[in-house]
Amino acid sequence: MKVTVFGLGYVGTVTAAGLADSGHTVVGVDVDTAKVAAINAGESPVVEPGIVELIASGARSGRLRATTSVPDAIKHSDLSLVCVGTPSGNLGSTDLSYVEKVAAEIRNAMTLVEPPVSGFHAVVVRSTVPPGTVDRLVAPVFAEPVPGWEVATAMCPEFLREGVSVKDFFAPPFVVVGTADEKAAATVAKLFSFLDLETRHVATTTAESLKYACNAFHATKVSFANELARVFRGFGVDSREVMEIFCEDTKLNIASTYLRPGFAYGGSCLPKDLRALLHMARMNGVDAPLLSGTTLTNELVVRDIVERVVATGRRRVALLGLSFKANTDDLRESPNVELAERLLGKGFDVRIYDPIINPDRLVGANRRHVEERLPHLSRLLAGSPEAALSGAEVALVSATGPVVTAALREATTPHIFDLSGRLGRSVEELPGYSGVGW
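For every chain, the first residue of the written sequence is number 1, and numbering continues from 1 along that sequence. Given that this is a predicted model, residues contribute local features only at a pLDDT of at least 70 and side-chain atom pairs are listed and counted only at 80 or more, while totals for whole chains, interfaces and linings are drawn from all residues. Side-chain metrics in this entry use all non-hydrogen atoms of the structure; hydrogen atoms and water are not considered.

1. So, the packing of aromatic side chains
Stacked, edge-to-face and tilted labels apply to pairs of Phe, Tyr and Trp rings (six-membered ring for Trp) whose centres lie within 6.5 Å, assigned for plane angles under 30 degrees, over 60, and everything in between, in that order. Inspection of the entire model under this criterion finds 7 aromatic pairs. Between Phe224 and Phe246 the ring centres are 6.0 Å apart and the planes differ by 45 degrees, which places this aromatic pair in the tilted class. Placement of the pair is Phe224 in helix α9 (residues 204–233) and Phe246 in helix α10 (residues 239–246), with a sequence separation of 22 residues. For the exposure calls, accessible area comes from a 1.4 Å probe over protein chains only, and a residue counts as buried if that area is under 20% of its type's maximum, exposed if over 50%, partly exposed in between. Relative accessible area serves as the criterion here: at 27%, Phe224 is assigned to the partly exposed category. Each member of the aromatic cluster is reached from another via a ring pair, and the members are Phe169, Phe170, Phe192 and Phe194. We count a charge as sitting over a ring when the NZ of a lysine or the CZ of an arginine lies within 6 Å of the ring centre and within 35 degrees of the ring normal. Stacked on the ring of Phe348, the Lys or Arg Arg315 has its end atom at 3.9 Å from the ring centre. In this description a helix means any DSSP run of H or I spanning at least four residues, a strand means any run of E spanning at least two, and both kinds are numbered starting from the N terminus.

2. With respect to the pairing of strand β4 (residues 79–82)
With burial as the criterion, each face of β4 is covered, one bearing Leu79 and Leu81 and the other bearing Ser80 and Val82. By the bridge criterion, 4 bridges tie strand β1 (residues 2–6) to β4 in an arrangement that is parallel. Bridge assignment links Val3 to a residue of β4, and that residue is Leu79. As paired strands, β4 and strand β5 (residues 120–125) are joined by 4 bridges and run parallel to one another. Within β5, the residue paired with Ser80 across the bridge is Val123. Each parallel crossover has a hand, and the one from β4 via helix α5 (residues 97–110) to β5 is right-handed. In short, DSSP must find at least two bridges between two strands for them to pair. With strands facing away from the observer, any crossover in which the path from the first strand over the helix to the second runs clockwise is taken as right-handed.

3. A look at helix α11 (residues 270–283)
For α11, which comprises 14 residues, the first-to-last C-alpha distance of 20 Å matches the rise-based estimate of 20 Å (1.5 Å per residue) to within 8%. Turning to α11, its buried residues number three or more, namely Pro271, Leu274, Leu277, Leu278 and Ala281. For α11, the arc enclosing every buried residue in end-on projection is 125 degrees, short of the 170-degree limit, so these residues lie on one face. Lining the buried residues of α11 we find α9 and α12 (289–312). Two residues or fewer past α11, Gly285 is found with a positive phi of approximately 65 degrees. Take the number of residues in a helix, subtract one, and multiply by 1.5 Å to get its expected span. Arc definition: it is the arc formed by the directions from the helix axis to the C-beta atoms. Any pair of residues with heavy atoms lying within 4.5 Å of one another is described as a contacting pair.

4. Here we look at the UniProt feature "active site" (unreviewed entry) in the chain
Under the UniProt annotation, the feature "active site" (unreviewed entry) is placed at Cys269. By secondary structure assignment, the location of Cys269 is in the loop between α10 and α11. UniProt positions are given in the numbering used here, feature names are shortened, and annotations may be inferred rather than shown by experiment.

5. Concerning the packing of α9 against α12
The angle between two axes is taken between their N-to-C directions and runs from 0 to 180 degrees, where each axis is a line fitted to C-alpha atoms and a helix contributes only its stretch in contact. Their axes nearest at 8 Å, the elements α9 and α12 cross at an angle of 115 degrees. Relative to α12, the element α9 lies roughly perpendicular. Of α12, the residues touching α9 (which contributes Thr220, Ser223, Phe224, Glu227, Leu228 and Arg230) are Pro289, Leu290 and Leu291. Any residue outside Ala, Val, Leu, Ile, Met, Phe, Trp, Tyr, Cys, Pro, Asp, Glu, Lys and Arg is labelled polar, Gly included; the first ten of those are nonpolar and the last four are charged. Residues belonging to the contact of α9 with α12 are distributed by class as follows: 5 nonpolar, 2 polar and 2 charged. Angles are sorted into four bins: roughly parallel if under 35 degrees, roughly antiparallel if over 145, roughly perpendicular if 65 to 115, and oblique for all others.

Now the structure itself:
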């Protein structure tokens, strides 16, 4: 393919050199004449292990060159990759002025030069941009047709770490293209077909959000390890050893477990142990804002659902699922119990169904917790999801399974709040459905 890469910083340079090495014909574009001259001389404008060899090979083969002229670069091009900077603006906002400028320059250049043989050209943003940028800022630039050019836009985030970006380019965790245009998706898939990876075709906003999610998690992991180290240091603990063993757990710790949006955490362990850690930190005069923030975030999830129920203006609520997770009758510190308690306290008429909970069989700390928080649980419980939903105006659903989904489909509940994210399409398509965070 004939590819144009806009922006010859770390991302653009590595992307251009890697694509040229993979057989594509690539033209890099930058306003910095020194960067352009370096590429054309077979040298690298950035310092990265392995990049010099790639650029030198690309320049010798004629598959890689650079220019300051957009029309020169865009002529006969199949695809434009926008790799310009998106620095922080005031108050942490993203400065999208370079993205806007490049989009306008691409369109202007199209009016001056010949299109590719196919007539189709994909403008693909690779810079990290907030959700909605491609659809609201880039796509409108090409809304008015350019004679001879069929243009579609897309988002293809990069996952390159400085210092190992060449290795990352040829072994990315995934290839993701966000677009509503099938031709654009196929073009990106063809571009990266040299990789042994399936291209994931998603919504544009999903692709834009993914890089932020990854980087936020990476930053959180760094802070998490360092925060625990500050807490444990006061007890004479070598946190390096703790975390070395911690990372060996690939079932829970280093895994997809718990990384699915849904309702708040609860149960007999997580809340108790997090409080203990925070107490240890206070006793040693250590600030632990990440751990404290975890507790606050969990509280905000519960508060958000309560506020959304209040906002419906309806008073009769069915709560399907009471224990803190499926297949257990443990109600200790269940966020569903907390939710029921708050709604009852606000005067809502609440009916509860749980496929496992039987108040007569609750014992020990589990029974004491329910007696303290929901002393009238027996009066609130319904024997079936249908009974709980009868006359209900709002359904709060954390229980799953065919019995629950069938009851939801048969009911005429105006508002359904999915607390699990696992109810399936047959429920998600019902009128009034909404998720906790989707």
